[in-house]
Amino acid sequence: MGKLKFIEDDIKNLKEQGLFVHIRTIESPQGAWIQVDGRKVLNMCSNNYLGFANHPKLKERAKEYIEKWGVGPAAVRTIAGTCSYHLELEKKLAEFKETESAVTFQSGFCANLATIPALVGRGDVIYSDELNHASIIDGCRLSRAEIVRYKHCDVEDLEKKILETKDKFNKKLIVTDGVFSMDGDIAPLDKIYEIAEKYECITMVDDAHGEGVLGKGGRGIVHHFGLTGKFDIEVGTLSKAFGVVGGYVAGKKIITDYLRQRGRPFLFSSAVTPPDVAACIAAVDTLLESDELVKKLWENTEYFKKRMKEIGFDIGKSVTPITPVMLYDEKLTQEFSKKIYEEGIFATAIVYPTVPKGQARIRLMISASHKKEDLDFALGKFEKIGKELKVI
Ligand SMILES: *Cc1c(COP(=O)(O)O)cnc(C)c1O
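From a predicted model like this one, the values you see are computed outputs, not experimental measurements.

A. Quick look at the sheet that holds strand S11 (residues 345–346). An order of S1-S2-S11 is seen for the three strands of this open sheet, with the pairing classed as mixed. The open sheet has two edge strands, strand S1 (33–36) and S11, and neither has a second partner. Two strands pair when backbone bridges link them, and S1 and strand S2 (residues 39–43) are joined in this way by four bridges, in the antiparallel orientation. The residue bridging Trp33 from the neighbouring strand is Leu42, located in S2.

B. Examining the packing of aromatic side chains more closely. Under the criterion given, the structure shown has eight aromatic pairs. With centroids separated by 6.1 Å and ring planes inclined at 80°, the aromatic side chains of Phe96 and Phe242 adopt a geometry described as edge-to-face. Remark: Phe242 occurs in the loop between strand S8 (233–237) and strand S9 (247–251) and Phe96 occurs in helix H4 (residues 84–97); sequence separation between them is 146 residues. Within the aromatic cluster, the residues linked to one another by ring pairs are Phe313, Phe336 and Phe382. One cation-aromatic arrangement involves Lys15 over Phe20; the distance from NZ or CZ to the ring centre is 4.7 Å. Between the NZ or CZ atom of Arg24 and the centre of the ring of Tyr341, over which it lies, the distance is 3.8 Å.

C. Highlighting the pairing of strand S4 (residues 125–129). With five of its five residues buried, S4 lies for the most part within the structure. Across the two faces of S4 the burial is the same, with Val125, Tyr127 and Asp129 and Ile126 and Ser128 all buried. Of the pairings in the sheet, the one linking S4 to strand S5 (residues 146–150) comprises five bridges and is parallel in character. If you follow Asp129 over to S5, its bridge partner there is Tyr150. The parallel pair S4 and S5, bridged by helix H6 (residues 134–143), forms a crossover whose chirality is right-handed. Across four bridges, S4 lies against strand S6 (residues 172–177) in parallel orientation. Within S6, the position partnered with Ser128 by the bridge is Val175.

D. Up close: the packing of helix H14 (residues 330–342) against helix H15 (residues 372–388). One way to put it is that H14 packs onto H15 with a least axis distance of 10 Å and a crossing angle of 135°. Classified by the interaxial angle, the pair formed by H14 and H15 is oblique. Regarding H14 and H15, the two cross each other, and that crossing is right-handed. Contacts between H14 and H15 involve Phe336, Lys339 and Ile340 from the first element and Lys381, Phe382, Ile385, Gly386 and Glu388 from the second. Class assignment for the residues of the contact of H14 with H15 results in four nonpolar, one polar and three charged.

E. Representation of the sheet that holds strand S10 (residues 322–328) within the structure. Taken in spatial order, the three strands make up an open sheet running S10-S13-S12, and their pairing is antiparallel. Strands with a single pairing partner mark the edges of an open sheet, and in this sheet they are S10 and strand S12 (348–350). Adjacent strand axes in the sheet meet at a mean angle of 30° when their direction is disregarded. Pairing between S12 and strand S13 (residues 360–365): three bridges, direction antiparallel. Note that in S13 the partner of Ile350 across the bridge is Arg361. Helix H13 (residues 292–311) rests against S10 and S13 of the sheet, and its axis sits at about 20° to S10.

F. Just the site of the ligand, in detail. Around the ligand, 13 residues are found, and the nearest of them are Gly108, Phe109, Asp206, Thr237 and Lys240. One nitrogen or oxygen atom from the side chain of His133 is found 3.4 Å from a nitrogen atom belonging to the ligand. The separation between an oxygen atom of the ligand and a polar side-chain atom of His209 is 3.3 Å. In isolation the ligand offers 380 Å² of accessible surface; the protein chains occlude 85% of this area. Per-class residue counts for the shell around the ligand are two nonpolar, eight polar and three charged.

G. The packing of helix H7 (residues 155–165) against helix H8 (residues 189–198), seen in detail. Taken N-terminus to C-terminus, the directions of H7 and H8 make an angle of 15°; their axes are 10 Å apart at the nearest point. When the interaxial angle is binned, H7 and H8 end up roughly parallel. Between H7 and H8 lies a crossing whose hand is right-handed. Side by side, H7 and H8 meet where Val155, Leu158, Glu159 and Ile162 of the first sit next to Lys191, Ile192, Ile195 and Lys198 of the second. Class assignment of the residues belonging to the contact of H7 with H8 gives a composition of five nonpolar, no polar and three charged.

H. Spatial organisation of the nonpolar core. Ile174, Leu189 and Ile192 are the most contacted members of the largest nonpolar core, which has 60 residues in total. Element by element, the count of residues in this core is highest for helix H12 (residues 274–289), at nine residues. Looking at which domains feed residues into this core, each of domain 1 (25–54 + 303–388) and domain 2 (56–289) gives three or more.

I. Focus on the domain arrangement of the protein chain. Each domain of the protein chain was delimited in the assignment, giving domain 1 (25–54 + 303–388) and domain 2 (56–289). Each side of the interface is counted separately: domain 1 has 20 residues, and domain 2 has 22 residues. Considering only the side of domain 1, the residues that lose the most area to domain 2 are Tyr49, Phe52 and Asn54, jointly responsible for 33% of the buried surface there. Connecting domain 1 to domain 2 are one salt bridge. The partner of Arg361 in a salt bridge is Asp183, with the nearest N and O atoms 2.9 Å apart. If you look at where domain 1 meets domain 2, you find eight residue pairs in polar contact (both at pLDDT 80 or more). Contributions of two or more residues to the side of domain 1 that touches domain 2 are made by S10 and S13. The greatest single-element share of the side of domain 1 that touches domain 2, amounting to three residues, is contributed by S13.

The rules behind the values
- Residues numbered from 1 in each chain as written.
- Predicted model: local features only at pLDDT ≥ 70, side-chain atom pairs only at ≥ 80, totals over all residues.
- Heavy atoms only, no water.
- Pairing = 2+ DSSP bridges.
- Helix = DSSP H or I, 4+ residues; strand = E, 2+ residues; numbered from the N terminus.
- Phe/Tyr/Trp six-rings, centres within 6.5 Å; stacked < 30°, edge-to-face > 60°.
- Lys NZ or Arg CZ within 6 Å of the ring centre and 35° of its normal.
- Buried < 20%, exposed > 50% of the residue type's maximum accessible area, 1.4 Å probe, protein only.
- Right-handed = clockwise from strand over helix to strand, strands pointing away.
- Axes fitted to C-alpha atoms, helices over the stretch in contact; angles between N-to-C directions.
- Parallel < 35°, antiparallel > 145°, perpendicular 65-115°, else oblique.
- Left-handed = near helix turned anticlockwise from the far one by under 90°.
- Contact = heavy atoms within 4.5 Å.
- Nonpolar A, V, L, I, M, F, W, Y, C, P; charged D, E, K, R; others polar.
- Near = heavy atom within 4 Å.
- Polar contact = N/O pair within 3.5 Å; in protein donor to acceptor, adjacent residues only side chain to side chain.
- Areas by Shrake-Rupley, 256 points an atom, 1.4 Å probe, with all protein chains shown as cover.
- Core = buried A, V, L, I, M, F, W, Y, C linked by side-chain atoms within 4.5 Å.
- Domains from an automatic or database assignment.
- Buried area = accessible area lost by both parts, 1.4 Å probe.
- Salt bridge = Lys/Arg side-chain N within 4 Å of Asp/Glu carboxyl O.

Rendered as structure tokens:
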């Protein structure tokens, strides 16, 4: 094995530390109940907030577009011409987000990798929330700008850091997750916006867990704070609430036009396929027509969280459908997760290093596709295991 021995060593290391990820195989379409390793289990860990991943309208539109356009875009958009369906989706997204314009990418991860290095580089500075998503961190690193981390959601610390550093750099970018996916708390965008105005910083928010969830009819965190048209850049993903795959940037036209010239994943990697785009268009159409699914998501969320608190669980400080069941201890959390799975509930244990040591939890994701009886089933099982393990 010689030169590849380091892989064996590292895998051994991961296993010893309990950090080796066992990836389960799902053998059914996404939904409230899924088949995993031959068993039906209640799915409480997907990002399928609105149930779009297996929605009849999305599937129908995908089939239609395959017939009309085929299955592949056949080249990078800037080289062999963009396809009209990509532009159709971008127009729809801008309409939904109420921004001047939108541009799509292959994923939310790519959207961050495209955007940050296009906007800032050597000699510039990025102020980044310390708990930002990996794709923001990688985008910041790729840019070669100076990265200054501020304390999580702490605008006083942000302002302090800006005052300490601003004169040493040219352009300034503030970037934050909208909803933080491990705790379900949200960035104070109103205050961040004020500070950005004061010090002339470009503003960027990654709304991966906010769109389809927060704001009027699921328009996202910027809408939730009434900052539509003010925040410079909203990054989005089409793989969470929208249920498909892809990413996008919505915002001022000058920025989205610029990303078509300077965003490297846009310039050097092919775009998503006709059926993907079709399903995304149908998802946006569904949200433009009605807020019924978003309402259902919130009804489910409120019901479930209220009952979990009544039962006696500590569910952290989430203000979104992300529901962390705080158990703090790593071993206890692994054991809880195993037992709850045996009871028929698929829910992820989240431990160090994804969250700090002593902050272990089981993270539950509520969806509009859950029925009340599904939630009651989960509540019953959590109560049972909670008592068994003396957590409540
Ligand atoms: C999930 C997520 C992404 C990645 O989105 P993909 O479309 O799956 O690549 C980016 N940013 C945040 C904050 C996320 O939660």
